[in-house]
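The primary structure of each chain is shown beneath.
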Amino acid sequence: MQTAALLKTDAGETTEFPIPAGVYAEKVVSVKHYTDRLFSFRITRPQSFRFRSGEFVMIGLPNATKPVFRAYSIASPAWDEELEFFSIKVPDGPLTQHLQKIQPGDTVLMRQKSTGTLVTDALTPARNLYMIATGTGVAPFASLVRDPDTYEKFDRIILTNTCRDVAELAYGDALAELTREDPLIGEFAGERLTYFRSTTREASERMGRITSLIESGELFRAVGTEPFNRENDRVMICGSMAMLKDVKALVEATGLVEGSLSEPGDFVVERAFVG
Ligand SMILES: Cc1cc2nc3c(=O)[nH]c(=O)nc-3n(C[C@H](O)[C@H](O)[C@H](O)COP(=O)(O)OP(=O)(O)OC[C@H]3O[C@@H](n4cnc5c(N)ncnc54)[C@H](O)[C@@H]3O)c2cc1C
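Conventions we followed
Residues numbered from 1 in each chain as written. Predicted model: local features only at pLDDT ≥ 70, side-chain atom pairs only at ≥ 80, totals over all residues. Heavy atoms only, no water. Pairing = 2+ DSSP bridges. Helix = DSSP H or I, 4+ residues; strand = E, 2+ residues; numbered from the N terminus. Axes fitted to C-alpha atoms, helices over the stretch in contact; angles between N-to-C directions. Contact = heavy atoms within 4.5 Å. Domains from an automatic or database assignment. Buried area = accessible area lost by both parts, 1.4 Å probe. Polar contact = N/O pair within 3.5 Å; in protein donor to acceptor, adjacent residues only side chain to side chain. Nonpolar A, V, L, I, M, F, W, Y, C, P; charged D, E, K, R; others polar. Near = heavy atom within 4 Å. Areas by Shrake-Rupley, 256 points an atom, 1.4 Å probe, with all protein chains shown as cover.

Novice: Mind showing me how you'd approach the sheet that holds strand β13 (residues 267–271) here?
Specialist: Consider a sheet: its strands pair through backbone hydrogen bonds, and that pairing is either parallel or antiparallel. The five strands lie next to each other as β11-β10-β9-β12-β13, forming an open sheet whose pairing is parallel. With partners counted over all chains shown, the strands left at the sheet margins are β11 (193–199) and β13, one partner each. The average angle at which neighbouring strand axes cross in this sheet is 10°, direction not considered. Examined bridge by bridge, strand β9 (residues 128–134) and strand β12 (residues 233–239) share six bridges and lie parallel to one another. The residue of β12 that forms the bridge with Ile-132 is Ile-237. Strands β10 (156–163) and β11 of the sheet are contacted by helix α4 (residues 170–181), whose axis makes an angle of about 165° with β11. Along the sheet, helix α8 (residues 241–253) contacts β9, β12 and β13; its crossing angle with β12, the most-contacted strand, is approximately 165°.

Novice: What exactly am I supposed to notice about the domain arrangement of the protein here?
Specialist: The extent of an interface is frequently quoted as the accessible surface area lost upon association of the parts. Taken domain by domain, the protein holds domain 1 (4–111) and domain 2 (120–269). The C-alpha-based centres of domain 1 and domain 2 are spaced at 26 Å. Domain 1 puts 20 residues into the contact, and the matching count from domain 2 is 19 residues. Between domain 1 and domain 2 lies a buried interface of about 1,600 Å² when both sides are counted; carbon and sulfur atoms form 61% of it. Counting across the domain 1 and domain 2 interface gives 10 residue pairs in polar contact (both at pLDDT 80 or more). Secondary structure elements with two or more residues in the side of domain 1 that touches domain 2: β4 (38–44) and β7 (82–88). With four residues, the top contributor of residues to the side of domain 1 that touches domain 2 is β7. Among the residues making up the side of domain 1 that touches domain 2, the classes are represented as 10 nonpolar, seven polar and three charged.

Novice: Could you clarify how one ought to interpret the site of the ligand in this entry?
Specialist: Taken together, the neighbourhood of the ligand is formed by 20 residues, with Arg-70, Ala-71, Tyr-72, Thr-96 and Thr-136 sitting nearest. A distance of 2.8 Å is found between an oxygen atom of the ligand and a backbone nitrogen or oxygen belonging to Leu-95. Burial of the ligand by the protein chains amounts to 79% of its free accessible area of 880 Å². Breaking the shell around the ligand down by element, the ones donating at least two residues are β6 (69–73) and β7. In terms of residue count, β6 provides more of the shell around the ligand than any other element does, four residues in total.

Set out below in structure tokens:
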């Protein structure tokens, strides 16, 4: 087991930091930058690490004796040999001001236990599963749309991705395309995965907050479904607190009931960040 890691400090020096107990130290495999606010990265997966698609873990960097850990949705499915994450870059963020500089070969720390509410086991089966995401909230759904179990439980998956600008949609766009083309998961996803995207600030072919697009019925018309109803629909929601509150109110108004692992229901919510 690795007990120390070498990492470059902001001054450009390489220093050795201890790995805290109960934490995996994994290597960065690849990094992809989308905008000045968003990037994704993949790390090696510890052999003993198990998780359910849709869960999150705590990650940090070995750049201090007491490293800062933050919650991160695992964006890769449970069967993947590596772990993928989709991240914000907060200019003065205690973690992401450093995390945005990682390169292949660097070490990322990960606490050993995953958890979360965005798991299919917290929902009862139905025809359609809507995944409502804003910003980095698409990350847990990147895991779930690539998991065959999701397609075993639901006939149709409707993934919505709303960001301020078009460039911020790129991770979700690529996800939808790669999932349909993937030799393993494409067989399940095929025509059953529908991708619906919108922007709230920059002009694009579809503009508007997801709440407005639900309320006006535009979402349902575009994907060829009926407005939410308890018999056919299940909903997972991940985004800012304001978005969660508004979409939760909309789905509750149609009679859907919140679920959990102990009591599976019709919809589940999780914050994409605190603040
Ligand atoms: C359950 C859960 C899952 C999460 N999953 C992810 C994930 O998959 N990817 C990810 O990038 N972040 C995720 N986050 C947020 C993450 O934990 C950190 O907040 C983020 O990495 C920034 O860390 P920081 O230390 O740099 O800044 P922080 O001090 O944590 O945040 C500073 C401020 O930046 C803003 N901010 C933080 N995160 C985001 C974000 N994701 N989108 C927009 N604004 C943000 C907020 O206003 C916050 O107050 C998740 C949070 C929770 C609670």
